[in-house]
Amino acid sequence: MKKSEINSIEVAQLAGVSRSTVSRVVNNYANVPIETKEKVMKAIKELNYFPNVSAQMLAGKKSRTIGLFMVSSGEVSVDVLTNMMIVSVIEKASDYDYYVLTYIIRDTTDKATINNVKEIFYQRRIDGGIFIGTEHYEPFVEELIQEGFIIGVFDQEHPESTTGNRIVANFNNELGMKQATDYLIGLGHREIGVINGNIKRLSGERKYEGFMQAMELNSLVVNPSWVVAADFTDEAGYKAMKQLLEHEEPLPTAFIAANDSIAFGAIRALREQNIQVPEDISVIGFDDHVLSEKHSPPLTTVKVDFKRLFKQLMNVLIAKIEKPTDEIRQVSVDCSLVIRESCLRKQ
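Scoring rules and cut-offs
- Residues numbered from 1 in each chain as written.
- Predicted model: local features only at pLDDT ≥ 70, side-chain atom pairs only at ≥ 80, totals over all residues.
- Heavy atoms only, no water.
- Pairing = 2+ DSSP bridges.
- Helix = DSSP H or I, 4+ residues; strand = E, 2+ residues; numbered from the N terminus.
- Axes fitted to C-alpha atoms, helices over the stretch in contact; angles between N-to-C directions.
- Buried < 20%, exposed > 50% of the residue type's maximum accessible area, 1.4 Å probe, protein only.
- Contact = heavy atoms within 4.5 Å.
- Parallel < 35°, antiparallel > 145°, perpendicular 65-115°, else oblique.
- Nonpolar A, V, L, I, M, F, W, Y, C, P; charged D, E, K, R; others polar.
- Domains from an automatic or database assignment.
- Buried area = accessible area lost by both parts, 1.4 Å probe.
- Salt bridge = Lys/Arg side-chain N within 4 Å of Asp/Glu carboxyl O.
- Polar contact = N/O pair within 3.5 Å; in protein donor to acceptor, adjacent residues only side chain to side chain.

## Let's talk about the sheet that holds strand 5 (residues 166-171)
(1) Moving on: Taken in spatial order, the 6 strands of this open sheet run 2-1-3-4-5-11, and their pairing is parallel. Here the strands that pair on one side only, and so sit at the sheet edges, are strand 2 (99-105) and strand 11 (329-333). Ignoring strand direction, the axes of neighbouring strands in this sheet form an average angle of 15 degrees.
(2) Moving on: Sheet topology places strand 5 next to strand 11; 5 bridges connect them, and they run parallel.

Laid out in structure tokens, this is it:
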């Protein structure tokens, strides 16, 4: 008999008990005699019987599955940092004997897509979810939190009114940008520009704020022309820098990019105009991308430990699933400057 055809009736017949007894054994009821339980477990083993997951959910058992939802309009497979996040979640879930269901959200305004995400929660196919790449305020995520589902969100912060089922995880982005700015100032740079990421995401907003605060603390004026809008991608960095160069206005002596991918693209655009890094312009990135050390020139950057952050987030998420509490939890990891060869002292 095929495994897919095995059900509790066959188990009951082999064990010589009723179907309801099999159900009580599978769901670990305390009022089943030991001898009866042993007979049922022996039959289950002989038949390779696996209880129906939906039935177990109706019985109130956990699915032992975490939902991982990535918001991305591009190719996730080619992004090294995104893959690092995914693997970190899967590894930690496996340590706890949990599965990971992954889902890529291409468009948060598409009602069919969002309904699919909601169904995964409402059908109890997962015990909790992690969202990566959302904007700072995402209505459908807020709705799921209000419904009581256990949600971990990367790159958000707790609102004024929150509950114990919301877990936020962030890097200290302001500190990282201040470190980068102070380093350039220490090298003698006074004319410093910034290439922003997506300002609708918390990290984009906080990095820009950190840069502006550092400039103000050092009594340096920020030229609005050197505040460049982009997104967190290589192509966005390239296009943003190319557009700036087309204006043929004076350039700063240094740029700080909101992540390393932006820095890679910006450096490529500068080279096309025979502007060399770091001889003509110094550039600092953010994240310490796996390719940053191998880049030409090796990129000075702000290192963030994605693996550590997501493992901590998973620890808190699964602890909440195993033993729900009203305790407000958040995960925060500091940043550190990594000095390489993309910056020179201002002559």
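## Describing the environment of Phe264
(1) Moving on: Relative to the helices and strands, Phe264 is located in helix 11 (residues 260-272).
(2) Moving on: Judged by its relative accessible area of 10%, Phe264 is buried.
(3) Moving on: On a C-alpha basis, the gap between Phe264 and Asp234 in space is 5.9 Å, while along the polypeptide they are 30 residues apart.
(4) Moving on: Apart from residues lying up to four places away in sequence, Phe264 is in contact with Asp234, His289, Leu291, Ser292, His295 and Leu299.

## Details of the packing of helix 2 (residues 19-26) against helix 3 (residues 34-47)
Helix packing geometry: the angle between the two helix axes and the distance between the axes.
(1) Moving on: Interaxial distance between helix 2 and helix 3 falls to 10 Å at its minimum, and their mutual angle equals 90 degrees. On the basis of their axis angle, the class for helix 2 and helix 3 is roughly perpendicular. Here helix 2 contributes Thr21, Val22, Val25 and Val26 to the contact with helix 3, which in turn contributes Thr36, Lys37, Val40, Met41 and Ile44.
(2) Moving on: Residues of the contact of helix 2 with helix 3, tallied by class, amount to 6 nonpolar, 2 polar and 1 charged.

## Overview of the domain arrangement of the protein
(1) Moving on: Under the domain assignment, the protein is made up of domain 1 (8-58), domain 2 (65-171 + 306-333) and domain 3 (173-304).
(2) Moving on: The interface of domain 2 with domain 3 comprises 12 residues on the first partner and 11 residues on the second.
(3) Moving on: Summing both sides of the interface, domain 2 and domain 3 together bury roughly 1,200 Å²; the carbon and sulfur share of this comes to 55%.
(4) Moving on: Its largest share of buried area at the contact with domain 3, domain 2 owes to Leu81, Asp155 and Phe171, together 40% of the area lost on that side.
(5) Moving on: Joining domain 2 to domain 3, the criterion identifies 2 salt bridges.
(6) Moving on: Arg201 is paired through a salt bridge with Asp155; the nearest N and O atoms lie 3.4 Å apart.
(7) Moving on: Across the domain 2-domain 3 interface, the total number found is 6 residue pairs in polar contact (both at pLDDT 80 or more).
(8) Moving on: Listed by contribution, the elements that provide at least two residues to the side of domain 2 that touches domain 3 are helix 5 (80-95) and strand 5.
(9) Moving on: In terms of residue class, the side of domain 2 that touches domain 3 is built from 4 nonpolar, 5 polar and 3 charged.

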